[in-house]
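Each chain, written out:
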Amino acid sequence: MALLRYESQVRPPLVDGSKDYHQVTEDICRPVEAKPSRLWWMGFLISVALLIFGIVSVTMEVMYGTGQWNLNKTIGWGWDITNFVWWVGIGHAGTLISAILLLFRQGWRTGVNRAAEAMTIFAVMCAGQFPIWHMGRVWNAFFVLPYANTRGPLWVNFNSPLLWDVFAISTYFTVSLLFWYSGLLPDLATLRDRAKEKWRKAFYGVAAFGWTGSTKHWQRHEALSLVLAGLSTPLVLSVHTIVSFDFATSVVPGWHTTIFPPYFVAGAIFSGFAMVQTLLLVTRKVLALEDYITIEHIEVMNKVIVLTGSIVGIAYLTELFMAWYSHVDYEWFAFKENRLSLSSPYGWSYWLMMGCNVLSPQIFWFRKMRRNLLVTFFMSILVNIGMWFERFVIIVTSVYRDYLPSAWSTYYTPTIWEVGFYMGTFGLFFTCYFLFSKFFPVIALAEIKHILKRSGENYKEKMDEVEEETTEEFGGKHGHDHGA
Amino acid sequence: MSIRENFVVPKRYNTIAISLMVVGILAIVGLYVTSGSKDDAHHQARFWASLLQNSVYFLLVVNASMFFICATTLAWGGWQMAFRRVPEAISAVVPVVGVICAAILLAITFGGQHAIYHWSDTEHVKHDPTLLHKEGFLNKGFFAVATVLTVVLWSVLGWKMRQLSRSLDNEPLKTVEERRKYIWKNTVWAAGYIVVFALTVMSSLPWLWLMSIDAHWYSTMYSWYTFASTFVAGMALIALFVVFLKNNGYLEYATNEHLHDIGKFMFAFSVFWTYLWFSQFMLIWYANIPEETVYFKPRAEGAYSGIFWLMFLINFLAPLLILMTRGAKRNYGTITFMALLIIFGHWLDFYQMVFPSPMTDEKGVTHVPMILYDFGVALGFVGLIMFAVGRALSKAPLLAKNHPFIKESLIHHT
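Notes on the structure follow.

About the cut-offs
Residues numbered from 1 in each chain as written. Chains lettered and ligands numbered in written order. Predicted model: local features only at pLDDT ≥ 70, side-chain atom pairs only at ≥ 80, totals over all residues. Heavy atoms only, no water. Core = buried A, V, L, I, M, F, W, Y, C linked by side-chain atoms within 4.5 Å. Buried < 20%, exposed > 50% of the residue type's maximum accessible area, 1.4 Å probe, protein only. Helix = DSSP H or I, 4+ residues; strand = E, 2+ residues; numbered from the N terminus. Contact = heavy atoms within 4.5 Å. Phe/Tyr/Trp six-rings, centres within 6.5 Å; stacked < 30°, edge-to-face > 60°. Lys NZ or Arg CZ within 6 Å of the ring centre and 35° of its normal. Lys, Arg positive; Asp, Glu negative; His and termini not counted. Salt bridge = Lys/Arg side-chain N within 4 Å of Asp/Glu carboxyl O. Polar contact = N/O pair within 3.5 Å; in protein donor to acceptor, adjacent residues only side chain to side chain. Axes fitted to C-alpha atoms, helices over the stretch in contact; angles between N-to-C directions. Parallel < 35°, antiparallel > 145°, perpendicular 65-115°, else oblique. Left-handed = near helix turned anticlockwise from the far one by under 90°. Nonpolar A, V, L, I, M, F, W, Y, C, P; charged D, E, K, R; others polar.

**Comments concerning the nonpolar core**
Okay, step 1: Counting residues in each nonpolar core, the largest one holds 290 residues, and the members touching the most others are Trp87(A) and Trp209(B).
Okay, step 2: It is helix H2 (residues 41-74) of chain B that contributes the most residues to this core, 19 residues altogether.
Okay, step 3: Residues in contact with Trp87(A), not counting those within four places in the same chain, are Ala123(A), Cys126(A), Ala127(A), Phe130(A), Met275(A), Tyr422(A), Thr425(A), Phe426(A) and Phe429(A).

Shown next, in the form of C-alpha cells:
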C-alpha cells in the first residue's frame with residue numbers, strides 16, 4: 001500500500017506528547033471554554049485603558065487639528081507615519097505564514113498560523129488609524145475613494161503612491177480577513193458542537209456558517225485555501241512595496257533608492273516574525289499550549305528572523321555604499337551627516353537601528369540561542385524596537401535637514417497626544433488579541449489534525465520500521481507513479 | 001526493484017555538445033576577425049563585450065544550482081532529493097566556467113579594454129571627478145582579488161557540498177542520531193556558502209562585473225535584480241536536465257510531482273524577477289533624475305528598445321500565461337519549451353545590461369551590433385555546459401539514495 005504520511009525521523013515532531021484527535025480537540029478548546037483567568041482580566045483591562053488613552057488623544061487631535069502634534073513644515077511626517085509603517089510591517093508575518101508557507105508546504109506553520117493571522121489583521125487595523133487621523137479633517141476621509149463625485153474635476157491623484165496605499169492596504173486587509181476566517185470555520189463548528197450553554201451554541205452556530213464537515217465542504221474549503229494563498233502571496237509583497245514607494249518615488253535623499261521595495265518587504269517579515277514570537281511565547285505559556293507551539297516552532301521562526309535580519313542588513317549596507325558610490329553630494333550628506341554621525345541630533349537612532357536589526361539577530365546563528373526562550377523573548381522585543389527606529393531614521397533623518405538649510409528644523413519631539421495615539425494603538429491591538437484568544441481557538445485545530453499522523457510525536461515513533469527500510473525497498477513498496 | 005542509477009553519456013549527446021562548442025569557437029574567431037583584431041577601441045570592445053556577457057551570464061546560471069542546493073539544505077527541504085544529483089552535476093561546472101570567466105574579466109581589465117570598463121583607464125580617471133571618487137572601489141587590484149576569490153570560494157564550497165552528498169553513497173547512516181549529525185554538517189557548510197553568496201552575488205559582485213560597465217550610473221537594486229535573473233534561468237536549466245534524464249529512462253523516482261514543483265519555481269521567480277524589474281524601472285522613471293534615467297535612455301527608448309521590450313515579454317508574460325496552469329507544469333514539452341525560452345530571455349536581459357555602454361561611439365550614438373555572433377558564442381557556452389554536466393552526471397550515481405530525506409522525496413506529491 002502506498003504510504004502517504006511518512007516523514008523522516010530526523011525531523012523533530014511538531015506535536016509533542018501522546019496525542020490523538022480527541023486530545024487535540026480537548027487541549028485547544030479548553031482555553032475557549034474555560035472561564036478567563038485573572039491574568040487574562042488584568043491584561044485585558046490594561047489594554048482597554050491604553051485604548052481609552054488613545055481615544056482621548058485622537059479626540060484632542062480631531063477637535064484642535066493636527067497642530068496638536070509636533071509636526072512642522074520640514075517634518076511633515078513624524079511619529080504618525082513611522083507608526084503606520086511599523087504596524088503595517090508587523091502585519092506581514094501572518095499572511096506570509098498562512099500563504100507563502102502553505103505554498104512551500106511547511107508543516108510547522110499549523111502551530112502558529114492562526115494567531116499570526118489574527119495578529120496581522122489587528123496590526124493592519126492599527127496601521128490604518130494613522131493615515132486616517134493624520135488627514136486632520138477626518139470627516140472627509142471618504143475623499144480617498146475614487147468614485148464619481150459632484151466635485152467636478154476633483155479626483156484622487158492616481159499618480160500618488162499614497163493613493164496606491166489605500167488600495168493595497170484595503171485589499172490586503174480584506175484578503176487576510178477572508179483567509180483567517182475561512183480557516184476558522186471548521187474550528188468554530190467544533191466549538192459549536194461542543195457547546196453546552198445556549199448563547200455559546202447560538203454564537204458559534206452563526207459564526208460557523210453552517211459548517212457540517214461533509215466531504216463537499218472540505219473539498220471546497222481546501223480549494224478556497226489554495227486560491228486565497230495564491231492571491232495573498234503577491235499581496236504580501238505588494239503592500240510593503242507600495243509603502244516603500246511612498247518614499248522611493250520622491251527625490252528626497254535617503255528615500256529615493258531602488259532597493260527599497262524588496263528591502264521593505266524583508267524588513268516587514270522580520271518585524272512581523274518578531275511580534276509573532278513575542279505573542280506566542282506568552283500565549284503558549286499562559287494557555288499551556290507548549291505541546292503545539294513547541295521549541296521547534298520557536299527555533300524555526302528564529303531562523304527566519306536571522307535570515308530576514310541579514311537581508312535587511314545587506315540592504316542597509318548597500319544603501320550606505322551606494323550613497324558614497326553614487327557621488328551625489330546630497331545623498332551622501334544624508335547618510336554621513338544625518339545618520340552616521342553620532343554628533344548629529346539623530347545619529348544615535350541610526351546606530352540603534354543597526355544594532356537591533358543587523359547585529360543582535362546574528363546570535364541566532366547559534367542553535368543554543370535559537371532554543372532559549374528568554375533570549376528569544378528579549379530579541380523579539382529588541383527587533384521590534386529596531387524596526388520602529390528604522391522607519392524613524394528613514395522618515396525623520398532624511399527630512400529634518402533637507403536641501404535648504406534655512407528650512408532645517410530644530411529637534412523634533414512628539415507631543416503627549418502623538419505618544420498617546422501610539423499607545424492607543426497598542427491598546428487596540430492587545431484588546432483585540434485578548435478577545436481573540438478568549439473566544440477563538442488560538443491554534444488551527446483542523447490543521448493540526450491534518451499533520452498529526454505525520455508529525456505527531458507518538459505517530460513518528462511508530463515509523464521505526466519504515467525508517468530502517470532501504471531506499472529500494474521503500475521505493476518498491478510506497479513509491480507511486482504519477483503518470484510519469 | 002533495481003534502479004538505473006549510473007548515467008552513461010549517449011554518443012549523440014556528446015556529438016551535439018562538441019558541435020556546439022565548435023560553433024562557439026567559430027563565432028569567437030569570427031568576432032575576433034571582424035572586430036576584436038581591429039585597431040580602434042570600439043571594435044575591440046564589441047568582441048570583449050560578447051565574451052563578458054556570455055561568460056558572466058552562464059557562470060551565474062550554473063552557480064544558481066549550488067544556491068538551490070544550499071537554500072533547500074538550510075530550509076530542510078526533502079522534496080528535491082529525487083533529482084538532487086542534477087543540480088549537483090550542474091554546479092560541478094562552476095570551476096570550469098568560472099576560470100574562463102575570470103580569465104576574460106581580467107583580460108578586459110588589465111588588457112586595456114577601457115571602452116568596457118572606463119574606470120580601468122587611469123589616465124581618463126584623473127580627469128573624471130566621479131570615477132576618481134569611486135577609485136577606492138573601482139580599481140584593477142580590488143577587481144582582480146574579488147574576482148579570483150569569488151570563483152575560488154564558490155568552487156571550493158560547492159565541491160564540499162557535493163563531497164558531503166557523495167560520502168553517503170556507499171555507507172548508509174545507521175541510526176537517527178547519525179542522520180541528524182549528517183544533516184547538521186550539511187547545514188553548516190550550506191550556511192557558509194549562503195554567506196559567501198550574499199556577499200558576492202547578492203551585493204558586491206554584480207556591481208563590479210556588470211554595473212561598473214556604466215561606470216557613472218548606480219542603482220541599489222542592481223545585484224538583487226541580477227540574482228533574480230540568473231536564479232530563474234538556473235531553475236530552468238535544472239528542469240531541462242531532469243526532463244532529459246527522464247526521457248532517457250533515468251531518474252525513476254523523480255515524477256511529475258517534482259517537475260511540477262520545479263515549474264512552480266520557474267513561474268514564481270519569473271514573477272519575482274518582474275517585480276524587481278518593475279520596481280527598479282518605475283522608481284527611476286518616476287523620480288526622473290538624469291543621473292539615473294541615463295541608463296534606461298538607450299535601453300527603453302533608444303537602439304536597444306526592441307531587445308529591451310522583447311526580453312520583458314519573454315521573461316514576464318510568457319511564463320505568467322503559459323506556466324500558470326497545473327497541466328503546463330507537468331508536461332515535458334511545455335516545461336522544456338519554457339525552460340529554453342526563460343534561459344534565452346534572461347540571456348537577452350544580460351545582453352541589454354552589458355552592450356549599450358560599450359556600443360556607444362564618440363558621438364554618443366548607441367548601436368546594436370550583429371547579434372548573430374553573440375548567439376554563436378552563447379551556443380559555445382551551452383555546448384561546454386552540456387558536455388561538462390554530462391560528464392559530471394556520469395561520475396556519480398543519479399540517486400542520492402542514502403540521504404536521510406530521500407524517502408520523503410519518493411512519496412512527494414503536490
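Now, onward.
**Describing the packing of aromatic side chains**
Okay, step 1: Within the structure shown, the criterion is met by 107 aromatic pairs over all chains.
Okay, step 2: Both rings, one in Tyr13(B) and one in Phe244(B), keep their centres 5.2 Å apart while their planes meet at 35°; by these two values the pair is tilted. Taken together, the positions of Tyr13(B) in helix H1 (residues 11-36) and Phe244(B) in helix H9 (residues 222-247) put the pair 231 residues apart, joining distant regions of the chain.
Okay, step 3: On the basis of relative accessible area, Tyr13(B) is assigned to the buried category, the value being 6%.
Okay, step 4: We classify Phe244(B) as partly exposed; its relative accessible area is 21%.
Okay, step 5: The lysine or arginine in question, Lys438(A), covers the ring of Phe439(A), its NZ or CZ lying 5.8 Å from the ring centre.
Okay, step 6: The ring of Tyr325(A) carries the charged tip of Lys134(B) above its face, separated from the ring centre by 3.9 Å.

**So, the side chain of Ser357(B)**
Residue and element names in this part refer to chain B.
Okay, step 1: Mapped onto the elements, Ser357 comes out in the loop between helix H14 (332-354) and helix H15 (371-395).
Okay, step 2: Among the residues examined, Ser357 registers a relative accessible area of 13% and is labelled buried.
Okay, step 3: Discounting chain neighbours no more than four positions away, the residues touching Ser357 are His118, Ile213 and Asp214.

**Looking at the side chain of Asp80(A)**
All names here are of chain A.
Okay, step 1: Locating Asp80 in the fold gives a position in helix H3 (residues 79-90).
Okay, step 2: No salt bridge is formed by the buried Asp80; the nearest opposite charge belongs to Arg391, separated by 13 Å.
Okay, step 3: Here His134 takes part through its side chain, which lies 3.1 Å from a polar atom of the side chain of Asp80.
Okay, step 4: If we skip the residues at most four places from it in the chain, Asp80 touches Trp69, Leu71, Phe130 and His134.

**Structural notes on unusual backbone geometry**
All names here are of chain A.
Okay, step 1: For Ala288, which is not glycine, the phi torsion reads 50° and is therefore positive.
Okay, step 2: Looking at the element boundaries, Ala288 is found in the loop between helix H9 (260-286) and helix H10 (295-325).
Okay, step 3: You can call Ala288 partly exposed: its relative accessible area is 44%.

**A few points about the packing of helix H10 (residues 256-287) of chain B against helix H11 (residues 290-301) of chain B**
All names here are of chain B.
Okay, step 1: At a closest axis distance of 9 Å, the pairing of H10 and H11 adopts a crossing angle of 110°. Classified by the angle between their axes, H10 and H11 sit roughly perpendicular to one another. Here H10 runs over H11; the crossing is left-handed. Contacts between H10 and H11 involve Gln280, Phe281 and Ile284 from the first element and Glu292, Thr293, Phe296 and Ala300 from the second.
Okay, step 2: Among the residues forming the contact of H10 with H11, the class breakdown is 4 nonpolar, 2 polar and 1 charged.

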